[in-house]
Amino acid sequence: MLDAAISTDTSAPDIARMLDAGLATARATRGLTFVVLPAPVVAPAAIIAAWRGAPIAAWSARELQLVGIGVARELRGRGASRFDDIVDQARAIEIGTITDSFTPRLLGGAAFTPGAADAAPWCGFGDAWFALPRWTYSSGQLVLAVDANDARHAGRWHDELAAFHGAFAARYTPRPQPPMLALDPGDVDAWRAEIRAITTAIGGGDYAKIVAARKALVALAGEARVADVLAELDARHGDCVRVVMRPPNANGATLVAATPERLVELRGGTRVSCDALAGSLPRDLAADVLLASDKDRREHRLVVDAITSALAGFGARVDAPDEPGLRALRHVWHLHTPISATLPAPRHVLELVAALHPTPAVGGTPTRAATEWIAAHEPARGWYASPVGWFDLDGNGELAVAIRSGVIAGDRAHLWAGAGIVAGSDPDRELAETDVKLRAMLGALGVAT
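Residues numbered from 1 in each chain as written. Predicted model: local features only at pLDDT ≥ 70, side-chain atom pairs only at ≥ 80, totals over all residues. Heavy atoms only, no water.

Novice: Lay out the overall build of the chain in plain terms, naming residues and giving numbers.
Specialist: A tally of regular secondary structure across the chain gives 11 helices and 23 strands. In summary, the chain has a C-alpha radius of gyration of 22 Å against a globular reference of 22 Å for 449 residues, a match within 12%. Overall, the chain is about 70 × 55 × 35 Å in size when its C-alpha atoms are taken along their principal axes. For the chain, the proportion of its 449 residues judged to be buried stands at 56%. Within the chain, counting contacts between residues at least 6 apart in sequence, those at least 24 apart form 75% of the total. Mean positive and mean negative side-chain charge positions of the chain (44 and 51 charges, respectively) differ by 2 Å. (Helix = DSSP H or I, 4+ residues; strand = E, 2+ residues; numbered from the N terminus. Rg over C-alpha atoms; globule rule 2.2 N^0.38 Å. Buried < 20%, exposed > 50% of the residue type's maximum accessible area, 1.4 Å probe, protein only. Contact = heavy atoms within 4.5 Å. Lys, Arg positive; Asp, Glu negative; His and termini not counted. Charge placed at Lys NZ, Arg CZ, Asp CG, Glu CD.)

In structure tokens:
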């Protein structure tokens, strides 16, 4: 790696010379070279706004902000082995010298189940997709990943660097989205009927919980701007992880989410953190009502037990509080249990993802029976409620669950929201819960508070 450890007020000609020096190193290096350039601190939305047609993978949390533009190495996984496929391909990436100043990270995600992203608006997303970005922006750094062949195209990289300079120099201000023409909430009567069918099936003893999702469609008078949606989510839901995913060959369709739910974080190969987040109530009701709800506590306990059981299957020492706490978000209360674990030996974070997903928070229990019900009774979820995030070349990483999410495709926004159905669930209450959850994305689009 060529490392330019200098201040962010370095002149553009100096940065251009650093790029040339990095490209010269890359031409003489086997594997990928990472050319690290100084950059000012700007909002991720400012960068995304400058790259409307490019593949994008972004992760924004309090601890880490990443914006990946373009693709240096693309990884695809398919079918039941999709996570193993990604791990194998990541391990085969040939890397040059790496210093401590930059950690290469691959960003991406996976479909809710294999085959769930074959139809519009998910075409191009696939069963699992991760990319080592061509350019990675993180606060104070802009990094270009090139191999010897790529490095021969110096003019292209200088042109793209100039585009970043333009984004850095401009004062980015979010603009209102085009006016809404229509909001299609889906067939709510059919959805209520599905909830009644689920509770009947639960009463028959084959299921303990099934998470039902419904879709809404927003039609705008013009093309929705992903960067402005992200900026609104940043402003409204800074306590959530904001995610943007636009794979190549997706015809511009872009997943955007502000999710409160961490599926798993792995540090040092053995230190694991997960969130059990299930049981919800609108914020305009008292939180004590949620804490006292037997129905919601039963729903939540199913998630805690599933996560702790999956981690125990790795021989982990697991620690979880006996009682849930509260997670307060802009629109809802959630029951929340933080779970930590220590593995007996290092693992790849995607190994944990494969064992954990889907938790009963987004699928149900028993897992296989619940996911089969979902596949039989819902349109394909695509990447809704799926694992999205990042991992590094050592296998550490963090993935969240793509809830409070939607797909922006031209002048349409396809939105999803779900509710966990257990014995005693009321169709009208569950419908109202999904209405509240949809407000996260509707608010970012300017059509709700």
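Novice: Any details on the pattern of salt bridges? Residues and values, ideally.
Specialist: Counted under the stated rule, the structure contains 30 salt bridges. Between Glu 94 and Arg 30 there is a salt bridge, and its shortest N-O distance comes to 2.5 Å. Here Glu 94 is found in the loop between helix H3 (82-91) and strand S6 (105-110), whereas its partner Arg 30 is found in the loop between helix H1 (12-27) and strand S2 (33-38), with 64 residues between them in sequence. The partly exposed category is assigned to Glu 94, whose relative accessible area is 39%. Here Glu 433 makes a salt bridge to Lys 437, at a shortest N to O gap of 2.6 Å. Taken as a pair, Glu 433 and Lys 437 lie in helix H11 (residues 427-444) at a separation of 4 residues, close to a single helical turn. Through salt bridges with shared partners, a single ionic network connects Lys 209, Lys 295, Asp 296, Glu 299, Arg 429 and Glu 430. (Salt bridge = Lys/Arg side-chain N within 4 Å of Asp/Glu carboxyl O.)

Novice: Provide a residue-level description of the side chain of Ser 280, including the pertinent values.
Specialist: With respect to the helices, strands and loops of the structure, Ser 280 is situated in strand S15 (residues 271-282). Those residues in contact with Ser 280 that sit more than four places away from it in its chain are Leu 290, Asp 296, Trp 333, His 334, Arg 429, Glu 433 and Lys 437.

Novice: Could you give an account of the environment of Asp 184, naming the residues involved and the relevant values?
Specialist: Here Asp 184 lies in strand S10 (residues 180-184). Taking the C-alpha atoms as reference, Asp 184 lies 50 Å from Thr 10; in sequence the two are 174 residues apart. Engagement of the side chain of Asp 184 in a polar contact is seen with the backbone nitrogen of Gly 186, the distance being 2.9 Å. (Polar contact = N/O pair within 3.5 Å; in protein donor to acceptor, adjacent residues only side chain to side chain.)

Novice: Break down the nonpolar core for me, citing the residues and quoting the values.
Specialist: In this structure, Trp 59, Val 264, Val 272, Leu 350, Trp 383 and Phe 391 are the most contacted members of the largest nonpolar core, which totals 91 residues. Setting aside anything within four residues of it in sequence, one finds Leu 350 in contact with Phe 83, Ile 86, Val 87, Phe 130, Phe 391 and Leu 399. The next biggest cluster of nonpolar side chains, apart from the first, holds 54 residues, and it includes Leu 19, Val 146, Trp 157 and Leu 230. (Core = buried A, V, L, I, M, F, W, Y, C linked by side-chain atoms within 4.5 Å.)

Novice: Describe the packing of aromatic side chains, listing the residues and the values that go with them.
Specialist: Scanning all chains against the criterion turns up 11 aromatic pairs. A centroid spacing of 5.8 Å and a plane angle of 45° characterise the contact between Tyr 137 and Phe 168, whose relative ring orientation is tilted. Of this pair, Tyr 137 sits in strand S8 (residues 135-138) while Phe 168 sits in helix H4 (residues 154-169), placing them 31 residues apart in sequence. As far as burial versus exposure is concerned, Tyr 137 and Phe 168 are alike and both buried. Among the aromatic residues, those joined into a cluster by ring pairs are Trp 51, Trp 135, Tyr 137, Phe 164 and Phe 168. The ring of Trp 390 has Arg 105 sitting right over it, with the charged end atom 4.7 Å from the ring centre. In this structure, Arg 283 packs its charged tip against the face of Trp 333, placed 4.4 Å from the ring centre. (Phe/Tyr/Trp six-rings, centres within 6.5 Å; stacked < 30°, edge-to-face > 60°. Lys NZ or Arg CZ within 6 Å of the ring centre and 35° of its normal.)

Novice: An account of the state of the cysteines is needed here, citing residue identities and associated values.
Specialist: Within this structure, the stated rule accounts for 0 disulfides. Among the cysteines around Cys 274, which has no disulfide bond, Cys 240 carries the closest sulfur, lying 18 Å off. (Disulfide = S-S within 2.5 Å.)

Novice: An account of the environment of Arg 347 is needed here, citing residue identities and associated values.
Specialist: Here Arg 347 is to be found in the loop between strand S18 (332-342) and helix H9 (349-356). Its relative accessible area of 33% is what places Arg 347 among the partly exposed residues. As a C-alpha pair, Arg 347 and Pro 178 span 169 residues in sequence and 46 Å in three-dimensional space. The contact partners of Arg 347, leaving out residues within four places of it in the chain, are Leu 266, Gly 269, Phe 314 and Gly 395.

Novice: For H3, give the residues involved together with the corresponding values.
Specialist: Every buried residue of H3 is listed here: Arg 82, Phe 83, Ile 86, Val 87 and Ala 90. Within H3, the buried residues cover an arc of 140° as seen down the axis, which keeps them to one side. If you follow the buried residues of H3, they end up packed against strand S5 (73-77), S6, strand S7 (128-132), H9 and strand S20 (387-392). (Arc of directions from axis to C-beta.)

Novice: I'd like to hear about the environment of Leu 230, residue by residue, with values.
Specialist: Looking at where Leu 230 falls in the secondary structure, it is placed in helix H6 (residues 226-236). Since its relative accessible area comes to 3%, Leu 230 is described here as buried. Measuring from C-alpha to C-alpha, the distance between Leu 230 and Asp 147 comes to 32 Å, with 83 residues separating the pair along the chain. Residues in contact with Leu 230, not counting those within four places in the same chain, are Pro 44, Ala 45, Ile 48, Arg 242 and Val 244.

Novice: Just give me the short version of the pairing of S8, but keep the residues and values in it.
Specialist: The two faces of the sheet receive side chains in turn, since in a regular strand these alternate between them. Every second residue of S8 is oriented toward a common face, with Trp 135 and Tyr 137 on one face and Thr 136 and Ser 138 on the other, all of them buried. Relative to S8, strand S4 (residues 65-69) runs antiparallel, the two sharing 3 bridges. Bridging across to S8, Val 67 finds its partner in Tyr 137. As judged from the 4 bridges shared by S8 and strand S9 (residues 141-146), these two strands associate in the antiparallel manner. Bridge pairing in S9 links Tyr 137 to Leu 142. The hairpin turn running from S8 into S9, its antiparallel successor, is 2 residues long, and Gly 140 in that turn takes a positive phi close to 85°. (Pairing = 2+ DSSP bridges.)

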